[in-house]
Amino acid sequence: MGTKMWAGRFTKETDERVNDFNSSISFDARMYKQDIEGSVAHATMLGECGIIEKAESEKIIQGLKGILADIESGKLQFDPTAEDIHMFNEAELTARIGDAGKRLHTARSRNDQVALDIRMYLRDEIPVIKKLTAELAETLMRLAEKNLTTVMPGYTHLQRAQPITFAHHLMAYVQMLLRDLGRLNDTYKRTNIMPLGSGALASTTYPINRQRVCDLLGFDEITQNSLDGVSDRDFCIELASALSVLMMHLSRFSEEIVLWCSWEFKFIELDDAYATGSSIMPQKKNPDVTELIRGKTGRVYGDLTTLLTMMKGLSLAYNKDMQEDKEAVFDAIDTTKLCLTTFIPMIDTMKVIPENMRAAAAKGFINATDCADYLVKKGLPFRDAYKITGTLVHTCIEKGLTLETLPIEEYKALCDTFDEDVYEAISLETCVMQRKAAGGPAPESVKAQIEYSKKALEALK
Ligand code: ARG
């Protein structure tokens, strides 16, 4: 990179190892576009405010646009020995347009410049993640609409608990995704605030117009304190946090898919395009995608922890530690996008096996609560009904029967309130159909959930 910008202050060249150690261009080059757009707005404002000559401002803007075009066409390569993307763009500009290029950094520091660039980068990425999240919610709702009457066991402690439908189960994930979208929207609000003009830490003596830069770049407002403007990375932490929660949801879903496609469950079968084989066991069809998502969730949590830990001991204002923000938040973004991009078509193509879900629901006495409720509806106190049903379940286990196949004599022997209509009351269909409270698994309730969620999704998009 030749002689340093700050060479005047020093009597020695920087050690090669320090150069490498200090450099962030290998990971911040991806912000080249935001850096250039930010500089164009800054140069525009400098020219308008008479801080630099109008002609110079225009020369700078043309130069910057040329650099952007050449980076995007592949004509201009990043210099790996540059300190960072900001230094690279500025040096390239000066090499192209001469002295005017040296005026671009007037009334600006890399500290407010980098704060601006990251905010711009993140605000470009948040909508991409939102779009994928919405797409997943839509995919799940389509699948739910096809499975309103697909009875399956609902679990607590991974023990069969009460009958639900596959649609009901899927819609639980849709609620999580809607909250994820809400968190992303919230993060966006605090990201889209303009820090340029904070300078190194104490703003500037030049008569700048921060609001103009804010308007040119489409920010909602300007940051209110220059120290905070350069040292705030809350928005990175908030995004990594929102993505951690989103990944946690994908990971729970992945765990269920791992279970569901095992021979023990066989509730679903993954499409061949979204499963993998074994190098030794010819019979294997593995859910690698879901396992990787489960694994990568830890990685995103790690990114969040990196950011929180990086910030916790920093005195105001900018400290070089903060250069570590980028790899962490970029990794959280890349990982989440990668997972969503693969997860969506995998869900869309998987085969649902309703017979196996139904068969699993028929075992495990998941209608026991309904059997007790039958007695309650005929006047018994719930605790007595609960006890009687418990004894019936015990009898069934001893005789290798289910509540549906246990003879009526056995019921009556224990409690004469039982009648033939108990079989109707404890049929899986009745159990599901009767759970029509708002939020419940009855098809009409789930339909209402889908309607509500579709509207909520539109409002969050
Ligand atoms: N590459 C640096 C970063 O990412 C840019 C800011 C450098 N500022 C400074 N005073 N050294 O944080």
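Residues numbered from 1 in each chain as written. Predicted model: local features only at pLDDT ≥ 70, side-chain atom pairs only at ≥ 80, totals over all residues. Heavy atoms only, no water.

Q: Is there a simple way to explain the pattern of salt bridges in this structure?
A: Side chains carrying opposite charge are able to pair once their charged atoms draw close together. All chains considered together, the criterion is met by 33 salt bridges. For Asp272, the salt bridge identified is with Lys285, shortest N-O distance 2.7 Å. Of this pair, Asp272 sits in the loop between strand 5 (268-269) and helix 11 (288-312) while Lys285 sits in the loop between strand 5 and helix 11, and the two are 13 residues apart along the sequence. The class for Lys285 is partly exposed, based on a relative accessible area of 31%. As a salt-bridge pair, Lys378 and Asp421 come within 3.2 Å of each other at their nearest N and O atoms. With Lys378 in the loop between helix 14 (368-377) and helix 15 (382-399) and Asp421 in helix 17 (residues 421-425), the pair connects residues that are 43 residues apart, well separated along the chain. (Salt bridge = Lys/Arg side-chain N within 4 Å of Asp/Glu carboxyl O. Helix = DSSP H or I, 4+ residues; strand = E, 2+ residues; numbered from the N terminus. Buried < 20%, exposed > 50% of the residue type's maximum accessible area, 1.4 Å probe, protein only.)

Q: Can you walk me through the layout of surface pockets in this structure?
A: A water-sized probe, rolled over the atoms, reveals where empty space remains. What the largest pocket holds in volume is close to 280 Å³. Considering the residues around the largest pocket, the lining is formed by 13 residues, among which Cys261, Trp263, Lys266, Lys285 and Asn286 are closest to the centre. Its residues assigned to classes, the lining of the largest pocket comprises six nonpolar, three polar and four charged. (1 Å grid on protein atoms, 1.4 Å probe; cavity = no way out; pocket = protein on both sides within 12 Å on 5 of 7 lines; lining within 4 Å. Points joined across faces, edges and corners; volume = space filled by probe spheres on them. Nonpolar A, V, L, I, M, F, W, Y, C, P; charged D, E, K, R; others polar.)

Q: Honestly, the side chain of Asn192 in this entry has me stumped. Any pointers?
A: Positionally, Asn192 belongs in the loop between helix 7 (166-191) and strand 3 (193-194). By relative accessible area, Asn192 is classed as buried at 2%. Looking at Asn192, its side chain comes within polar contact range of the side chain of Arg123, at 2.9 Å. Those residues in contact with Asn192 that lie beyond four places of it in its chain are Arg123, Gly218, Phe219, Asp220 and Glu221. (Polar contact = N/O pair within 3.5 Å; in protein donor to acceptor, adjacent residues only side chain to side chain. Contact = heavy atoms within 4.5 Å.)

Q: Please clarify how the site of the ligand should be interpreted in this entry.
A: All residues in the neighbourhood of the ligand are listed as Ser24, Asp28, Asp84, His86, Arg110, Asn111, Val114, Tyr318, Gln323 and Lys326. A distance of 3.2 Å separates a nitrogen atom of the ligand from a polar atom in the side chain of Ser24. Isolated, the ligand exposes 340 Å² of accessible area, and the fraction of that covered by the protein chains is 86%. Sort the elements by how many residues they give to the shell around the ligand and helix 6 (residues 110-146) lands first, with three residues. Classifying every residue of the shell around the ligand gives two nonpolar, four polar and four charged. (Near = heavy atom within 4 Å. Areas by Shrake-Rupley, 256 points an atom, 1.4 Å probe, with all protein chains shown as cover.)

Q: What should I look at first to understand a nonpolar patch on the surface in this one?
A: A cluster of nonpolar side chains, namely Leu201, Leu227 and Leu316, defines an oily patch on the protein surface of about 270 Å² accessible area. Among the structural elements, Leu316 can be located in the loop between helix 11 and helix 12 (325-349). (Patch = residues over 30% accessible without salt bridge, like charges linked within 9 Å, V, L, I, M, F, W, Y side chains within 5 Å.)

Q: I'm lost on the packing of aromatic side chains in this one. Help?
A: Both the distance between ring centres and the angle between the ring planes are used here to describe each pair of aromatic rings. Applying the stated criterion across every chain, the model contains 13 aromatic pairs. With a centroid separation of 6.1 Å and an interplanar angle of 50°, the aromatic rings of Tyr155 and Phe265 are classed as tilted. On the criterion of sequence distance, the pair formed by Tyr155 in strand 1 (residues 151-156) and Phe265 in the loop between helix 10 (234-260) and strand 5 is long-range, its members being 110 residues apart. Classification of Tyr155 by relative accessible area gives partly exposed; the value is 24%. (Phe/Tyr/Trp six-rings, centres within 6.5 Å; stacked < 30°, edge-to-face > 60°.)

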